[in-house]
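Coordinate analysis (summary)
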Amino acid sequence: MNPAPTAPRGYVFDNDSPHSARHHASLEEALDPLTLGHLREAGAAPGMRCLEIGAGAGSVARGLLRLVSPGGTVTATDVKPGRITPEPGLTVLTHDVVDDPLPGSGYDIVVARLVLQHLPERQAVLRRLAGALAPGGLLQVDEFDAGHEPCLLAPSEDDARLYARFTDAKAALMRASGGDPTWGRRAAAALRDAGLTDLRIRPHVLLRAPGTPALGLQLHHLAQLAPRLLDTGFTRAELDRLDALMHDPGFAAATGVLYSVQGRRPAAPPGTPPTPENRTEAT
């Protein structure tokens, strides 16, 4: 197979793609129960101020707003936030987390799901997100380690090998865009290195089988990446076979490990005067 072509920095799945709506719907169905469940367990409560970066279509931001209402607010940012509709308590901003200043500080909760692994500058961004927390505030990062996405069942060995080629090529395309498909396994250490404490790590593996949202997500990856996969040595017949394979009732695979990692900004010592970094700001 030819090496993956160099691609611009950034997320390999464009929000402007015609496949984006179904892609986000699959993400919402597959991952929102985990993401929002962990935020609920961590104490998301009415009155809290929250920030989500890379909010996509906004399902996490809307779910988080329900957890912190009444009285709470959520700011949702994305480089292309056009799929998110503002509502009372939910502010939507066009924002590049690498180049633009964060919209305020003193947040009780900051969320970043499937964002940082796509950014070469991830550690610098993570330090800024940690600094945007109020003392005692929570940062939750949900990221995949896609270094191992095994095919568990396939009609033939050739089909299993074809699927493995696809997952390898998808990871290579992410690397060509400046991402790290295995970064999820390093997320906990990254939060620690950003100065956060009280770390909690929860790994999850999802089943990709016909009818599951995790497989729906993979099918939308295939559709969005098809032109670039053709450039890396796949034939149109092989892409058609991959689509048919993933619809076959005899197919099953596992996702990589999704690591949901939480950390807290240490509480300010008693008597510490408020600063722009540890003061809760009104919106």
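Just above, that's the structure.
Residues numbered from 1 in each chain as written. Predicted model: local features only at pLDDT ≥ 70, side-chain atom pairs only at ≥ 80, totals over all residues. Heavy atoms only, no water.

Next up on the list: the sheet that holds strand β5 (residues 133–145). Whether parallel or antiparallel, the strands of a sheet pair through hydrogen bonds between backbone atoms. Read from one edge to the other, the open sheet built from 7 strands follows the order β3-β2-β1-β4-β5-β10-β7, with strand pairing classed as mixed. At either margin of the open sheet sits one strand with a lone partner, and together these are β3 (90–94) and β7 (197–204). Neighbour to neighbour, the strand axes of the sheet diverge by 15 degrees on average, direction disregarded. In terms of strand pairing, strand β1 (residues 49–53) meets strand β2 (residues 73–78) through 4 bridges, oriented parallel. Bridge pairing links C50 to V74 in β2. Across the sheet, helix α2 (residues 59–68) lies against β1, β2, β3 and β4 (107–113), angled at about 170 degrees from β2, the strand it touches most. (Pairing = 2+ DSSP bridges. Helix = DSSP H or I, 4+ residues; strand = E, 2+ residues; numbered from the N terminus. Axes fitted to C-alpha atoms, helices over the stretch in contact; angles between N-to-C directions. Contact = heavy atoms within 4.5 Å.)

Turning to unusual backbone geometry, a few remarks are in order. Cis geometry is found at the peptide bond from S69 to P70, where omega equals 0 degrees. By the element assignment, P70 lies in the loop between α2 and β2.

Any two packed helices are characterised by the angle at which their axes cross and by the distance between the axes. Interhelical geometry of helix α4 (residues 157–176) versus helix α7 (residues 236–247) gives an angle of 110 degrees and a closest axis separation of 10 Å. Looking at the two axes, α4 sits roughly perpendicular to α7. Listed contacts from α7 to D159, L162, Y163, R165 and F166 of α4 are E238, R241, L242, L245 and M246. Here the contact of α4 with α7 is built from residues that sort into 6 nonpolar, no polar and 4 charged. (Parallel < 35°, antiparallel > 145°, perpendicular 65-115°, else oblique. Nonpolar A, V, L, I, M, F, W, Y, C, P; charged D, E, K, R; others polar.)

What follows is about the packing of helix α6 (residues 213–231) against α7. At a minimum axis distance of 11 Å, the contact between α6 and α7 shows a crossing angle of 180 degrees. On the basis of the axis angle, α6 is roughly antiparallel to α7. Residues L215, Q218, L219, L222, A226, L229 and L230 of α6 form the contact with α7, whose participating residues are R236, L239, L242, D243, M246 and H247. Its residues assigned to classes, the contact of α6 with α7 comprises 9 nonpolar, 2 polar and 2 charged.

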